[in-house]
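Inside the fold
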Amino acid sequence: MAAEKSPGARQPRRKLVAVPHPDGEGDARVAAESGATAADTSPRAPGDTAPEEPGADALRLSDVDEWGRSQHLRDILARLYDPLYEHWFRVEWEGFDKLPREGGALMVANHAGAIPADAPSIMHGIERDLGRAVYGLADDVFKRIPLVNLGWSRLGGVQAHPDNAYRLLREQQQLVMVFPEGSKGPGKHYSERYQLRRFGRGGFVQIAMRAGVPIIPLAIVGNEETMPIVAKIPTLAKALGLPYAPITANMLVLGPLGALIPFPAKMRIRVLDPVHLDVPPDQPRYSRSRIMDTSEDIRHAIQEELYDMLSRRHSVWTG
Amino acid sequence: MGRRVLVTGLGSFWGGRVAQALEADPAVDVIIGLDTREPGVQLDRTEYVRVDESYSILSRIVQATQVDTVVHSFLVVDSNQVSPRQMHETNVIGTMNLFAAASQPDSRVRSVVVKSSTLVYGSTHADPVWFSEDTRRPAFPRLRVERSLLEVEGYVRDYAADNPHVAVSLLRFSNVLGEDIVTPISKALSLPLVPAVFGYDPRVQFVHEVDVVRAIMFVLAHDLGGIFNVAGDGLLPWSEVAAICGKRLAPLPPVGRKTVASALTRLGVDMPLELIELLTYGRGADNRRLKQAGFSYEHTSAGAVHAFAEAARLRGTVGRPRAYRYERDVEAFFRHSPAVVRDRGSGA
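Figured I'd write up the structure that's included with this text. (Residues numbered from 1 in each chain as written. Chains lettered and ligands numbered in written order. Predicted model: local features only at pLDDT ≥ 70, side-chain atom pairs only at ≥ 80, totals over all residues.)

What follows deals with the overall build of chain B. Counting its secondary structure elements, chain B contains 12 helices and 13 strands. For chain B, the C-alpha atoms occupy an extent of roughly 60 × 50 × 40 Å along the three principal directions. When the 348 residues of chain B are sorted by exposure, 49% land in the buried category. Intrachain contacts of chain B at a sequence separation of at least 6 include 80% that bridge at least 24 residues. (Helix = DSSP H or I, 4+ residues; strand = E, 2+ residues; numbered from the N terminus. Buried ≥ 20, exposed ≤ 12 C-beta atoms within 10 Å, placed from the backbone. Contact = placed C-beta atoms within 7 Å.)

As structure tokens, then:
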């Protein structure tokens, strides 16, 4: 079973002496201990709400939420990005109605292209057509670069820390997107296109288990061809502190402009069936084998789906 | 019998404020305040004892006065305020001496409150948005003030483990703003142009100075014990903080933080390194544990900034009120002369 470890095991020794909790915090732990799966998708108890209710503080001047996301800036960007989404990438969804209208869910997808166009397309599509905010978990590379960190966080990017993911998914029941391949996906050579990399250490499965939310796999075709990497310069990457420094086909065709302009590959996003993890939430630890098996199953499912989509694709540009 | 309370750092802003709050509490019989400096606020019945910075005579004082409660409010959390050596003496050696005194075999101490800072979480690119009391900091502490406070917390933990009968509360306070307190942040917000790090606009958190004293009094009254973050609700971007204060931002280079910090300090702008780090990556402390214990905040983060901005506008018109000046003989007269009629305090 996944839930063998006692919940106290993860409690660090930092707590000085027994802290009395009149009510609230204990509930979730007790429920978890008795193996109950109640509160699976329901938000937490009323006494246990988030410190910040966005918009509740009348003294605020901006709409930047605790994650750094601003709906106002998001709306401005949506107007700029929509033509790109509609006419450049001509994004098409399959199984869009499998996305939940409410409740937390963790979306995982394949990730590709030197500057990946998949993330903004998923976020834009869902925010526009489902009317829900999407938070994207990303590597701390984003947070280290001036201006990039600012844009990324205002548009819904969040540092990929387990605590952040838990709070978004469990306590706030948000839609969260993550690319388990990390930078290994976009950083791969064009000759390896649509070959999924290792899915990290399965951290995304553990997060979904703890948060008690389903995982929704997405398979994306077209992102590989938007900005294919034909060569890499490891010394430059090291000097700049980036995960990879590519020479892209775009640069060869368009010159310096190619560093930023993606090719108009037709992008197709298929939503797979949600994976419900049959374990109680809020456990301090889950079985490692169960995590790795689930992670591998999901990776396999996305890979199969990609092959299926590629076999049906007649042209990179028209789909 | 009422409480007998020892307050460290009586001359500091917090020591004075806490002593005033204790004086208003009829359950407190005796208040003894220690510091190297004289108190900066008017106190009616607090006894002031001048000590050296590392509190070496503390064990004698604890023994002689039989205190049962210690409020350790004097930890240096601002690296520009004192030299590194002095910070070590005050924070680490001072705390060590305090706990040595409090753990004497015949000590009557039953309750200890230590005022620490959310600086112990650091501020780096790898941080979670919210630090709970149990979150392990992702990055190794590089700043001297962070290491100093972590060392202090080590002593606090040891003392709590060795003395299970004592309620030891460790309060980690967020950035304080309010009507009166002067910190590097309040100074930065009082400049014509507010310093910011180019390309970053981190979310920061504040706690109002009133809530700081209220939290200390709350923890004392309930003998809570444990670690608690004390921070206002909500995070707000630094640019918004400046906007609330009616100020524009002046960008600092996003590289060479150490050089920038020392250059600004030389120019007379109080910009410690830990503030530049905060203005780069921000920091949020989860305040739910103290709330669950029953505490409620009077101010949110944004509320604290508004309170500060309003006070700053008022000061811009009428100036700062004249500071209280401590006169040893006068104070001794009011406390000890038989000529003074005392109807409250320990004699009542």
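From this point, things continue past the structure.
On to the overall build of chain A. Within chain A, the secondary structure is distributed over 11 helices and 9 strands. Across the 319 residues of chain A, 40% fall into the buried class. For chain A, long-range pairs separated by at least 24 residues make up 75% of all intrachain contacts whose partners lie at least 6 apart in sequence.

This next bit is on the pairing of strand 11 (residues 226-230) of chain B. Residues and elements named next belong to chain B. Of all 5 residues in strand 11, 5 are buried, a share of seventy percent or more. Here strand 11 shows no split at all, with Gly226, Phe228 and Val230 on one side and Ile227 and Asn229 on the other all buried. Both strand 6 (residues 167-173) and strand 11 contribute to a ladder of 5 bridges, which runs parallel. In the strand pairing of strand 11, Arg172 is matched with Asn229. (Pairing = 2+ DSSP bridges.)

Here we take up the nonpolar core. Grouped together as the largest cluster of nonpolar side chains are 159 residues, with contacts concentrated most on Leu106, Met107, Val176, Ala208 and Leu218 of chain A together with Leu171 of chain B. Sequence-distant contacts of Val176 of chain A, defined by excluding residues within four places in its chain, comprise Leu106, Met107, Tyr135, Leu137, Ala165, Leu168 and Leu169 of chain A. (Core = buried A, V, L, I, M, F, W, Y, C linked by C-beta atoms within 7 Å.)

With that settled, the discussion passes to the sheet that holds strand 4 (residues 69-72) of chain B. Residue and element names in this part refer to chain B. Strands sit in the order 3-2-1-4-5-6-11 across an open sheet of 7 strands; the sheet is parallel. This sheet does not close on itself; its edge strands, each paired only once, are strand 3 (47-50) and strand 11. Each adjacent strand pair in this sheet contributes to an overall mean axis angle of 20 degrees, direction not counted. Across the sheet, helix 3 (residues 84-102) touches strand 1 (3-8), strand 4 and strand 5 (111-117), and the angle it forms with strand 4 is around 175 degrees. (Axes fitted to C-alpha atoms, helices over the stretch in contact; angles between N-to-C directions.)

On to the interface of chain A and chain B. Where interface size is given, it is often the accessible area lost as the parts come together that is meant. Across the boundary between the two partners, chain A contributes 35 residues, which contact 42 residues of chain B. Put simply, the parts of the chain that give the side of chain A that touches chain B at least two residues each are helix 4 (141-144), helix 5 (148-154) and helix 6 (162-171) of chain A. It is helix 6 of chain A that contributes the most residues to the side of chain A that touches chain B, 3 residues altogether. The class makeup of the residues in the side of chain A that touches chain B is 14 nonpolar, 9 polar and 12 charged. (Nonpolar A, V, L, I, M, F, W, Y, C, P; charged D, E, K, R; others polar.)

Let us now look at the packing of helix 1 (residues 13-23) of chain B against helix 6 (residues 209-222) of chain B. Residue and element names in this part refer to chain B. At their nearest, the axes of helix 1 and helix 6 sit 10 Å apart, and the two run at 55 degrees to each other. With respect to helix 6, the axis of helix 1 lies oblique. As helix 1 packs across helix 6, the resulting crossing turns out to be right-handed. Judged by residue contacts, Trp14, Arg17, Val18 and Ala21 of helix 1 engage Val212, Val213, Ile216 and Met217 from helix 6. Considering only residue class, the contact of helix 1 with helix 6 consists of 7 nonpolar, no polar and 1 charged. (Parallel < 35°, antiparallel > 145°, perpendicular 65-115°, else oblique. Left-handed = near helix turned anticlockwise from the far one by under 90°.)

Another aspect to go through is unusual backbone geometry. Residue and element names in this part refer to chain A. At Leu147, a residue that is not glycine, the phi angle is positive and equals roughly 65 degrees. Within the secondary structure, Leu147 is located in the loop between helix 4 and helix 5. Despite not being glycine, Gln173 shows a phi value in the positive range, around 50 degrees. One can find Gln173 in the loop between helix 6 and strand 5 (175-178).

This part is about the environment of Val269 of chain B. Residues and elements named next belong to chain B. When you line up the elements, Val269 lands in the loop between helix 8 (257-266) and helix 9 (273-281). As a C-alpha pair, Val269 and Ala188 span 81 residues in sequence and 7.7 Å in three-dimensional space. Excluding anything up to four places from it in sequence, Val269 contacts Leu191 and Leu264.

Residues and elements named next belong to chain A. Strand order in the open sheet made by the 7 strands is 1-9-6-2-5-3-4, with mixed pairing throughout. Looking at which strands have only one partner, the edges of the open sheet turn out to be strand 1 (92-94) and strand 4 (157-159). Between one strand axis and the next, the sheet turns through 30 degrees on average, direction left out of account. As paired elements, strand 2 (residues 105-109) and strand 5 share 4 bridges and run parallel to each other. Counted as the bridge partner of Met107 is Met177 from strand 5.

Residue and element names in this part refer to chain B. Contact pair helix 8 / helix 9: the axes reach a minimum separation of 9 Å and the direction vectors enclose 125 degrees. Of the possible angle classes, the one that applies to helix 8 and helix 9 is oblique. Where helix 8 crosses over helix 9, the two elements pack in a sense that is right-handed. Side by side, helix 8 and helix 9 meet where Arg257, Lys258, Val260 and Ala261 of the first sit next to Leu273, Ile276 and Glu277 of the second. When the residues that make up the contact of helix 8 with helix 9 are grouped by side-chain class, the tally is 4 nonpolar, no polar and 3 charged.

All names here are of chain A. Under the 1.5 Å per step criterion, the end-to-end length of helix 3 (residues 118-129) is 16 Å for 12 residues, consistent within 8% with the ideal 16 Å. Within the span of helix 3, buried status applies to Asp118, Ala119, Ser121, Ile122, Met123, His124, Ile126 and Glu127. Positive phi shows up at Gly131, right after helix 3, with a value of about 70 degrees. (Expected span 1.5 Å × (residues − 1).)

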